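Here is what each chain is made of, one letter per residue.
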Amino acid sequence: DYPLSISRLNDLAVRQPTTIAILTALGHAALNTDQLDLAEEQYARVVNLVPQLPEGFFGQGRVAASRGDLSRAIELYNRALERDTNFFPARVMLARLAEERGDWASAIVQRRALLTIRPGPPSLIALAQDLRENGPDGWSEAEQLLLPLRMTSPDASIELARRYGSADSPRVVAGILG
């Protein structure tokens, strides 16, 4: 129950006004209940208290994105990455925003970084999707990423079929889907 959580977090924040975990939790709860001014206030407090950490800038980016100010959100996510280049949440949001804009080159940069930070099938498949969406120049790399996963990951098999479908290879697609 977010209203109760926000009330309790507010009480804690009054008693412990410099506890970053409380402030970020309050910002998160406020953001999830569309109390954007309260969320912004909490994330600004985090930035003022610990400007060397990415969490406050990331939270401010989420507020900006919720308000539809995507250029400001991108700026703030990048400021979070200036503090920690491996800050996974900011990279995910930058990749998603780039994908929504059809900026596949930027999305690929973020997905490559995410693959380094958290290697594994989900990161590989997301990178392969963006490579496919970017056009024929990325198809070969997408295929090479997906082929080792095709027998163990349904998502990889589906993405591989999409990749071949992008190349108008129905015979190959039929072979992959069985």
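This write-up is about the structure you can find in this document.

Calculation criteria
- Residues numbered from 1 in each chain as written.
- Predicted model: local features only at pLDDT ≥ 70, side-chain atom pairs only at ≥ 80, totals over all residues.
- Heavy atoms only, no water.
- Core = buried A, V, L, I, M, F, W, Y, C linked by side-chain atoms within 4.5 Å.
- Buried < 20%, exposed > 50% of the residue type's maximum accessible area, 1.4 Å probe, protein only.
- Helix = DSSP H or I, 4+ residues; strand = E, 2+ residues; numbered from the N terminus.
- Contact = heavy atoms within 4.5 Å.
- Phe/Tyr/Trp six-rings, centres within 6.5 Å; stacked < 30°, edge-to-face > 60°.

If you look at the biggest cluster of nonpolar residues, it comprises 16 residues, and the most contacted ones within it are L26, A39 and V63. Elements with a minimum of two residues in this core: α1 (2-15), α2 (20-32) and α3 (36-49). In terms of residues, this core owes the most to one element, α2, which gives 6 residues. Beyond its immediate chain neighbours, meaning those up to four positions away, V63 contacts L31, L36, A39, E40 and Y43. Grouped together as the second largest cluster of nonpolar side chains are 14 residues, I125, L131, L145 and L149 included.

Once that is clear, we can look at the packing of aromatic side chains. Between two aromatic rings, the relevant description is the distance of the centres plus the angle of the planes. Here the structure, examined in full by the defined rule, presents 2 aromatic pairs. Pairing F58 with Y77 gives two aromatic rings, centres 5.5 Å apart and planes at 35 degrees, and the pair type is tilted. Note that F58 is positioned in helix α4 (residues 55-66) and Y77 in helix α5 (residues 70-83), a separation of 19 residues in sequence. A residue is classified by how much of its surface remains accessible, and F58, at 13% relative accessible area, is buried. The exposure class of Y77 is buried, given its relative accessible area of 0%. Ring centres of F58 and F87 lie 5.6 Å apart, and the angle between their planes is 75 degrees; this geometry places the pair in the edge-to-face category. Taken together, the residues F58 in helix α4 and F87 in the loop between α5 and α6 (88-101) connect sequence positions 29 residues apart.

What follows concerns the environment of E159. You can see E159 is positioned in helix α10 (residues 154-166). Residue E159 is classed as buried on the basis of its relative accessible area, which comes to 0%. For E159, the residues in contact, after removing those within four places along its chain, are I125, A128, Q129, R132 and L146.

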